[in-house]
Amino acid sequence: MTALLDVVNLRTSFPTPSGLVRAVDGVNLKVEPGGSVGIVGESGSGKSVLSLTIMGLVACPPAIITADKIEFEGRDLSHASQAQWRGVRGNRLAMIFQDPMTSLNPFLTVGDQLAEPLIVHRQASAADARNKAKELLQRVGIPAASERLDAYPHQFSGGMRQRVMIAMAMACEPALIIADEPTTALDVTVQAQILDLMREIRESAGTAFVLITHDMGVAAGFCDEINVMYAGRVVERGSTRSIFRDPRHPYTKALLESVPRLDDPPGGRFLPIPGQPPDLTSLPVGCSYAPRCRWVQPGCLETAPTLVPVENDPARTKACFVDMADPKGQV
Amino acid sequence: MSSSPFPARFRRPWNEHPLSLPANVLWVFTVLLATGVGLLSDFSILAWLAVVGMTIAATGVTWVVRSTLDSPNVSSKPSDVMKGTSLWKDALRRWRRHQMATASSVVLLTIALACASQHALIHLVPIAMNQRTIDFAPDSFFSLHIDHTRTHEGHTYQPPSSRHWFGTDSLGRDLFARTLFGGGISFLVGLVGTLVSVAIGVSWGATAGYAGGRIDTWMMRAVDILYGLPFLFLVILIMTLVNGLGTIASKAEQRYAEIEMNRAQGDLAQVAALEEKITAEERTALWMTRLFPPIVVVFIAIGLVSWLTMARITRGQVLSLREREFVTAARAIGAGPLRIIFLHIVPNLLGPVIVYSTLTIPEIMLSEAFLSFIGLGISEPSCSWGTLASEGLAGINVIKPRWWLMFYPAAALSISLFCLNFIGDGLRDALDPKGDRR
Amino acid sequence: MKSIISTSAFPVLQVDSLRVLFDQGRDRATGKRRILRAVDGISFELGKGETLGIVGESGCGKSTLARAILRLVPIASGSVTLSLDGKSTRVDQQEGSSLRGIRRHLQMVFQDPYASLNPRMTVGDILAEPLIIFNIGSRKDRMGMVQDLMKEVGLDPKHVLRYPHEFSGGQRQRIGIARALALNPQVLLCDEPVSALDVSVRSQVLNLLLDLQERRGLSYLFIAHDLAVVKRISHRVGVMYLGKMVELASSDDLYAHPQHPYTQALLSAIPVPDPEIERSRERIILSGDLPSPSDECVGCAFASRCRQVMARCREVMPILERKDADHQVACHLYPSESIQA
């Protein structure tokens, strides 16, 4: 079984005056063809930096990137030159950004921007590219596509622009699309439309997705596998079903409890995670979640746990010393 | 002071520091000695070396104190309140990291201090009837390196030597002293011109930005129109008018001198006749030149035309600050417009204004130099770096290349401008932490 | 358990057909004046100790509503009445110093804790400012009051001399809440107080708001786009669409039996963090985007996206009518008894 994307021990750090910020600290990630992997975490958990690093979009000085392996479709990209990156990026590996308002060039028509990846990667003629661009716009559900080709981004609404971004990512029929918070800037009703579109693309074109989000609900509906990130590390990984039904890491559990759900009974208090999100420049020696953890044990403060398979479920891994089924240290 | 070369056990708070008192005493003595040496006697170069030595010693001790000073929130006395780091302190920390800016500020401060002390020493020794009241020996340090007015027939066009460090000019005046004096004038023009431009620009821009609507439109159209006029043309126009006035005024002055002479001789009829002759025009010209001496006119002329960019910057800042949520929040808790302007808008405005001011100073110094160079602006016997350079240019010829006349003032000007620009750059980086913090 | 306070018994704040219009200048193409109806005839009552949630998508005018109640944007028409200790004051008719007096009782918590605190002032200065403006206490008293406030919202009083940038988002929002509480107001308008915060700190701030309500008997107008949060915290919830209130009901009733097609769509669009439910439940996907609020519209504003649209919807604008005891809805699908009778 060959994975589409195989990342082993990826580290991305940024030197800052107040110390080295380890934004991504030893992350492994594997995406099967046609799979959909969710990366869930709060701001500062390193999920966006992870996606940008995989896309080769982090400028290497100042950042320090090391990885044992970044393999995409059997090619190792960890030592790829910028030219090699350009051949992959936008072609077989595409990205959808968070803010559809700023990720389109306001000076080019939507048609020109859609045609660009085709001309660059497929050496398509201008007329062919235009035809393909029209098809793409129809594909992502933009009405009157042939007229909209000559419109400029500001003439589109937020939801429509995100559709254009998806169409751009789809242009060269990529094997993998990394979607970095694709619906965060959108309203809920538009978010539902976009998620529906992504789901439909995944089913019909067999494109694999890596969905980065802070919204547990979005991940629950879209992803097959979920990685929960905290302070630059993956703390728990497993199938969506098992993670939501039976979270094994204290952070995942607390996160799921703290998010108010629509099917909660009204009234009653919220269940917060105490403390503040970690400061990446001065992480504790042991587990970085330990200061906020309900189940913290003396050992947690000394050594950082690594990702190991869960006792009775080898498909799942977690980075925690505490067995939450039988938490001895529970207060 | 994390970069202190001293181990932590040497750290003391200021009031317990063993060297804090000696440092202060040393500074007081240095200042006293310097004043004394400058004022009282015909001193030797040794006295000056003593002053320099004491300054170095005082600086050294102060440095030691500063590097071993313990910050108050980790002092032996536990304090119940933690001090925060304001954005200003943060900016200062970032600015210190900017090495070019720090080095530049040291160089600039040295030049400015030298110029300022020359001015101070010259003004401490009063002049009566074109003669200094204290007669210094011709070979004294004061006569050789401080007095920029002392002429010497035998020593015209001396090249730089150990006697005259920067050489002498066509009248045998020491160029080192004249460069220092000119620097003082140049800095003064730069500072006062910038102050004028900040005062006009900030109040104009802030009013336009805060008032908004039609007032804003009209005020900024006025700025646009002034922008359209060529800047130097305006200054030259003003300066030419003033020079014209000066000619009329000097004529009037001559007449008054004549009247005084006749009155002293008791020739009252002649006095009346002469008084008849003085026109109203001459009277106004005299009044105006007395009110605005030429140097003040230079300040005003340059300041008047250089406030435009400042006004635009300020207006843009105010416009964006006015829409910020903390201003709305201040309105929500019932703050009035004055409170909002002075407590919420102005402190947030200061950063860009300070940065732009430091970049305006060299701009104004350069325009003054240019004006002086083309013969407007500062006139003899006073001088600025601009006039010195222009005289130097006149003194250059192929057969006798008197390069020092041009070189020293021009170098001093360039170095100062460089430093100011670096400082401005450093300040901009320090005060505008893009992405560093929200 | 939570009890629904009868809203007519002690209304602290009454808003009646409030309108806020923004002139957007002339349209270049048609030459007509474009008027943006940000808030278009909103009426509601807020009882003592009650939380009224206002939900809606961006651009529906919910933030403008809060600002208009506090008179931070000009009101075009309608009335806002504040009733305290049996005395009613018309907020919309106050000017100058009496308007300032109103602001002692009516305060606001802003959305963005990064933008709503002056970066050049210390926390102490920020919290003391309202006290200084209203001339409360001596310098020393104020210092004590500021420290008490900080304790009340869960901040360390030792940090009184720190600056906003030295705090995390959640702590900053606590500062914003403390500033709003400094004058001991009766009504707090919360404009998306948690949407800029991290998921894990949101609940902390929401619990703080619940505690404060219990302790001080505050009334909240809680504006948010997160329906799940609103459900937990609110006694009653109003749904806004393009400047109009389309549905207003008790929290239980609204979430259990949404009546307006827009409310139904909104509720079904929210993802549930549970894969089984999320994948099996029926979703209503609205077609199209929010129309521009400056467009002229004769009938129902939602008609362009409604699944159950009728001919009548495009002609007559529905008004908010009482369906039963605590459920009001503005939709032609539910003709009111009064009209039929």
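The shown structure was predicted, so the numbers you read here are calculated from the model rather than taken from an experiment. (Residues numbered from 1 in each chain as written. Chains lettered and ligands numbered in written order. Predicted model: local features only at pLDDT ≥ 70, side-chain atom pairs only at ≥ 80, totals over all residues. Heavy atoms only, no water.)

Draft legend 1. Structural context of the pattern of salt bridges. With the rule as written, the count across this model stands at 45 salt bridges over all chains. Taking the shortest distance from any N to any O, the salt bridge between Glu-236 of chain A and Arg-316 of chain A comes out at 2.4 Å. Of this pair, Glu-236 of chain A sits in strand β11 (residues 233–239) while Arg-316 of chain A sits in strand β13 (residues 313–318), and the two are 80 residues apart along the sequence. Taken individually, Glu-236 of chain A and Arg-316 of chain A each receive the classification buried, so the pair is uniform in this respect. Glu-275 of chain B is paired through a salt bridge with Arg-263 of chain B; the nearest N and O atoms lie 3.6 Å apart. Residue Glu-275 of chain B is located in helix α9 (residues 268–277), and its partner Arg-263 of chain B is located in helix α8 (residues 231–265); the two are separated by 12 residues in the primary sequence. Here the salt bridges share partners, and the residues they tie into one network are Asp-169, Arg-173, Arg-178 and Glu-391 of chain B. (Salt bridge = Lys/Arg side-chain N within 4 Å of Asp/Glu carboxyl O. Helix = DSSP H or I, 4+ residues; strand = E, 2+ residues; numbered from the N terminus. Buried < 20%, exposed > 50% of the residue type's maximum accessible area, 1.4 Å probe, protein only.)

Draft legend 2. Structural detail: the domain arrangement of chain A. All names here are of chain A. Domain assignment breaks chain A into domain 1 (1–92 + 175–261 + 269–278) and domain 2 (102–171). Distance between the C-alpha centres of domain 1 and domain 2: 26 Å. Between domain 1 and domain 2, the contact holds 17 residues from the first and 12 residues from the second. Summed over both partners, the interface of domain 1 with domain 2 buries about 1,100 Å², with 61% contributed by carbon and sulfur atoms. Taken together, domain 1 and domain 2 are joined by one salt bridge. Here Arg-139 and Glu-200 are joined by a salt bridge, their closest N and O atoms 3.1 Å apart. Linking domain 1 with domain 2 are six residue pairs in polar contact (both at pLDDT 80 or more), by the criterion used here. If you list the elements that add at least two residues to the side of domain 1 that touches domain 2, you get α2 (82–88) and α7 (188–205). The element that contributes the greatest number of residues to the side of domain 1 that touches domain 2 is α7, accounting for nine residues. (Domains from an automatic or database assignment. Contact = heavy atoms within 4.5 Å. Buried area = accessible area lost by both parts, 1.4 Å probe. Polar contact = N/O pair within 3.5 Å; in protein donor to acceptor, adjacent residues only side chain to side chain.)

Draft legend 3. Structural detail: the sheet that holds strand β2 (residues 33–47) of chain C. Residue and element names in this part refer to chain C. With respect to topology, four strands assemble into an open sheet ordered β2-β1-β4-β5, the strand pairing being antiparallel. Since the sheet does not close on itself, it has two edges, and those belong to β2 and β5 (87–90), each with one partner. Looking at each pair of strands side by side, their axes are set apart by 20° on average, direction ignored. In terms of strand pairing, strand β1 (residues 11–26) meets β2 through 11 bridges, oriented antiparallel. Residue Leu-13 lies in a different strand from β2, and its bridge partner there is Leu-46. Along the sheet, helix α1 (residues 62–69) makes contact with β1, β2 and β4 (77–84), crossing β1 at roughly 115°. (Pairing = 2+ DSSP bridges. Axes fitted to C-alpha atoms, helices over the stretch in contact; angles between N-to-C directions.)

Draft legend 4. Seen up close, the interface of chain B and chain C. The partner chain C presents 33 residues to the 25 residues of chain B that form the contact. Approximately 3,000 Å² of surface area, both sides summed, lies buried where chain B meets chain C, with 57% of it carried by carbon and sulfur atoms. Counting across the chain B and chain C interface gives two salt bridges. Salt-bridge contacts for Glu-325 of chain B lead to Arg-67 of chain C; the nearest nitrogen and oxygen are separated by 3.3 Å. The tally of links from chain B across to chain C stands at 12 residue pairs in polar contact (both at pLDDT 80 or more). The element that contributes the greatest number of residues to the side of chain B that touches chain C is helix α13 (residues 325–332) of chain B, accounting for six residues.

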